[in-house]
Amino acid sequence: MLCPKCGRTVPDGVPCPCGAPLLSSNPAVNVIKTLGSSPLFLAAAILYTASVVLGLFSSLGSSALFTELYYYGANYGLDPDIFYPLMDALESGSVVTVVVEAIPSLLMAAAMWMFYATCRSTKSGNISTAGLTVCKVLSYITVVGICLLALLLVACFVILLIAAAAGGVTTASYYDGYGYDYGYGAAASATAVIVLVAVVLVVAVALLVLLLVYQLAVIRTINRVKASALTGTPDNRVPRFLTGMLFVLGVLGGLGGLASLFTSPVSGLAALASAACMILLALCLGRYRNLMTMLLFPPVQPVYPGGPVPPYQGTPPQQPGGPYNGGTPQ
């Protein structure tokens, strides 16, 4: 068995001399439990939970906007019997909307803590995959949402093309009969608008495809970790695209969080916590891939059929004057 802490090879089920806890007698499961209960993953879970809580506070802090609306409504003499009930309904609806939108993030945070708890548990050498299943279901929901959004953008683009083509034909037929050049200018402006919208939609669809590939990589990785946890078979197939995307998203989120600190400190702190969580998860997955690779391809120890080679007396055999380089064998 390979020690996840120091990399030393020890017999299966035997604690390592470095003091790393033996959480499972199966090497692959021991790697998962060790990394899942490591300070690295614990810090990621804490940061993600903090980002969710701070995001909730930031969203609920929009009540300041309603305070301003109450102020303007009172100053402009709006009917209190109509205005105040309407504002109360809007404020209550905004709170419900914020809580509903935060449900996926809250479930993801709960799943991370579930995985940490089962990895840290010493009551059994097995791992409960309930937390991983929750993460996979949320990823599937995200994939469906991305596909629907991409289809909506493509449909909007097709509708825009049809409307622009119909408008272009009407303008040309109307102005050509009188010989005006204004019709051609309008057609050129419509073409420029179509090209601009097309570029924006292509960029948006490309970003959605990138996010779709990222979510599919997340799902594949979760399935492989679950299979290793259930069967004990090592699997080092963690896409480098996934770890690279986590690093990129973490860096971009960190930059955005730093910029938001000046306008909205709470949302900026939430973005920074989420960015740090992504970077820590990328490091954890990279460590997982390396340890599983060492389990699949353990280092080969040299074997001497004649037993241990005694130390040479005098000059080493490879040096000038040694027995293998013109010297006299000892």
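All values derive from a computational prediction rather than experimental measurement. (Residues numbered from 1 in each chain as written. Predicted model: local features only at pLDDT ≥ 70, side-chain atom pairs only at ≥ 80, totals over all residues. Heavy atoms only, no water.)

Engineer: When you look at the packing of helix α8 (residues 240-260) against helix α9 (residues 265-296) in this model, what are you seeing that I'm missing?
Structural biologist: How two helices sit against one another is set out by the angle between their axes and by the gap between those axes. Running from N to C, α8 and α9 point in directions that differ by 160 degrees, and their axes come no closer than 8 Å. With respect to their mutual orientation, α8 and α9 come out roughly antiparallel. Handedness of the crossing formed by α8 with α9: left-handed. Classifying every residue of the contact of α8 with α9 by side-chain character gives 15 nonpolar, nine polar and two charged. (Axes fitted to C-alpha atoms, helices over the stretch in contact; angles between N-to-C directions. Helix = DSSP H or I, 4+ residues; strand = E, 2+ residues; numbered from the N terminus. Parallel < 35°, antiparallel > 145°, perpendicular 65-115°, else oblique. Left-handed = near helix turned anticlockwise from the far one by under 90°. Nonpolar A, V, L, I, M, F, W, Y, C, P; charged D, E, K, R; others polar.)

Engineer: When you look at the side chain of K136 in this model, what are you seeing that I'm missing?
Structural biologist: For K136, the location among the structural elements is in helix α6 (residues 130-176). This buried residue, K136, is left without a salt bridge; D235 holds the nearest opposite charge, at 13 Å. At a separation of 3.2 Å, a polar atom in the side chain of K136 contacts the side chain of N223. In contact with K136, not counting residues within four places along its chain, are I219, I222, N223 and K226. (Buried < 20%, exposed > 50% of the residue type's maximum accessible area, 1.4 Å probe, protein only. Lys, Arg positive; Asp, Glu negative; His and termini not counted. Salt bridge = Lys/Arg side-chain N within 4 Å of Asp/Glu carboxyl O. Polar contact = N/O pair within 3.5 Å; in protein donor to acceptor, adjacent residues only side chain to side chain. Contact = heavy atoms within 4.5 Å.)

Engineer: Where do I start with the packing of aromatic side chains in this structure?
Structural biologist: Counted according to the given criterion, the structure contains two aromatic pairs. Between F41 and F115, the ring centres sit 5.5 Å apart and the planes meet at 70 degrees, which makes this aromatic pair edge-to-face. In this pair, F41 is assigned in helix α2 (residues 39-60) and F115 in helix α5 (residues 103-120), connecting sequence segments 74 residues apart. The residues F41 and F115 share a single accessibility class, namely buried. (Phe/Tyr/Trp six-rings, centres within 6.5 Å; stacked < 30°, edge-to-face > 60°.)

Engineer: Sorry if this is basic, but what is going on with α8 here?
Structural biologist: It helps to recall that an α-helix has 3.6 residues per turn; residues three or four apart then point in one direction. Over its 21 residues, α8 extends 30 Å from the first C-alpha to the last, a length consistent with the 30 Å expected when each residue adds 1.5 Å. Listed as buried for α8 are L242, T243, M245, L246, G250, G254 and G257. The buried side chains of α8 occupy one side of the element, clustering within an arc of 170 degrees when seen end-on. Turned more than 90 degrees away from the buried face of α8, the exposed residues are R240, L252, L255 and A259. (Expected span 1.5 Å × (residues − 1). Arc of directions from axis to C-beta.)

Engineer: Is there a simple way to explain the layout of surface pockets in this structure?
Structural biologist: Over the atoms rolls a probe the size of a water molecule, and its path tells where empty space is left. A volume near 1200 Å³ is recorded for the largest pocket. If you go around the largest pocket, you meet 42 residues; those closest to its centre are M108, M112, Y214, V218 and L281. Counting only elements with at least two residues in the lining of the largest pocket, the list comes to α1 (27-36), α2, α5, α6, α7 (182-231), α8 and α9. No other element matches α9, which puts nine residues into the lining of the largest pocket. Its residues assigned to classes, the lining of the largest pocket shows 31 nonpolar, 11 polar and no charged. (1 Å grid on protein atoms, 1.4 Å probe; cavity = no way out; pocket = protein on both sides within 12 Å on 5 of 7 lines; lining within 4 Å. Points joined across faces, edges and corners; volume = space filled by probe spheres on them.)

Engineer: In this structure, what is going on with the nonpolar core? I would like to understand it.
Structural biologist: What tends to happen in soluble globular proteins is that the nonpolar side chains get buried as a cluster. The biggest cluster of nonpolar side chains holds 38 residues, and the ones touching the most others in it are V31, I32, M112, F115, L242, Y288 and M292. Those elements that provide at least two residues to this core are α1, α2, α5, α6, α7, α8 and α9. For this core, the leading source of residues is α9, giving nine residues. Filtering out sequence-adjacent residues up to four positions away, Y288 remains in contact with V31, I32, L35, V225, S228, D235 and V238. (Core = buried A, V, L, I, M, F, W, Y, C linked by side-chain atoms within 4.5 Å.)

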